[in-house]
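Commentary on secondary and tertiary structure
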Amino acid sequence: MVAAIGSSPSVVANTGTSAFGLEAQVAQYKKQLADCVNCTATANSQAGKTLIQTLTNKISSAQARIEALTSSNSTHQTVAATNAIDTTSSTTPGQSKGSIDVLA
């Protein structure tokens, strides 16, 4: 992905790699998990217990990736905001903004 100079990088919008796509996957996994847990035959069988554990692991993994993406994205936003601060505003008294002190 190409970003404009000075812009903060954004999260790729592919399902599964963006926070939004991962949240959709988590919702799907949670629905499947609820279906498995609420079905007595599935919840009590060995295959059902394995599926429940697999879905639980997938949910945990996706939520951890969401955390990583959102914290990374907020870090990029903080850096971009810090870089956008106008550093020329700290002038000495009697000196106009943007002027050059030739005595220095």
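You'll find the structure just up there.
First, a word on what this report is: a plain description of the structure on this page. No experiment lies behind these values; they were computed from the predicted model shown.

Considering the overall build of the chain
A count of helical and extended segments in the chain gives 3 helices and 0 strands. The proportion of buried residues among the 104 residues of the chain is 15%. The long-range share in the chain, meaning contacts at least 24 apart out of those at least 6 apart in sequence, stands at 49%. When the accessible surface of the chain is split by element, carbon and sulfur atoms take 59% of a total near 7700 Å².

A word on the nonpolar core
One finds A19, L22, V26, Y29, L33, C36, A43, I52, L55, I59, A62 and I66 forming the largest nonpolar core, which totals 12 residues. If near-sequence neighbours (up to four positions away) are discounted, I52 is found in contact with L33, C36, V37 and A43.

So, the environment of L22
Note that L22 resides in helix α1 (residues 19–38). Judged by its relative accessible area of 1%, L22 falls in the buried class. Note: C-alpha distance between L22 and Q63 (41 residues apart in sequence) is 7.6 Å.

A short note on the state of the cysteines
Summed over all chains, the structure comprises 0 disulfides. Here C36 stays unpaired: no disulfide links it, and the sulfur of C39, its closest cysteine neighbor, is 7.7 Å away. C36 gets classed as buried once you look at its relative accessible area, which sits at 9%.

Rules used in this analysis
Residues numbered from 1 in each chain as written. Predicted model: local features only at pLDDT ≥ 70, side-chain atom pairs only at ≥ 80, totals over all residues. Heavy atoms only, no water. Helix = DSSP H or I, 4+ residues; strand = E, 2+ residues; numbered from the N terminus. Buried < 20%, exposed > 50% of the residue type's maximum accessible area, 1.4 Å probe, protein only. Contact = heavy atoms within 4.5 Å. Areas by Shrake-Rupley, 256 points an atom, 1.4 Å probe, with all protein chains shown as cover. Core = buried A, V, L, I, M, F, W, Y, C linked by side-chain atoms within 4.5 Å. Disulfide = S-S within 2.5 Å.

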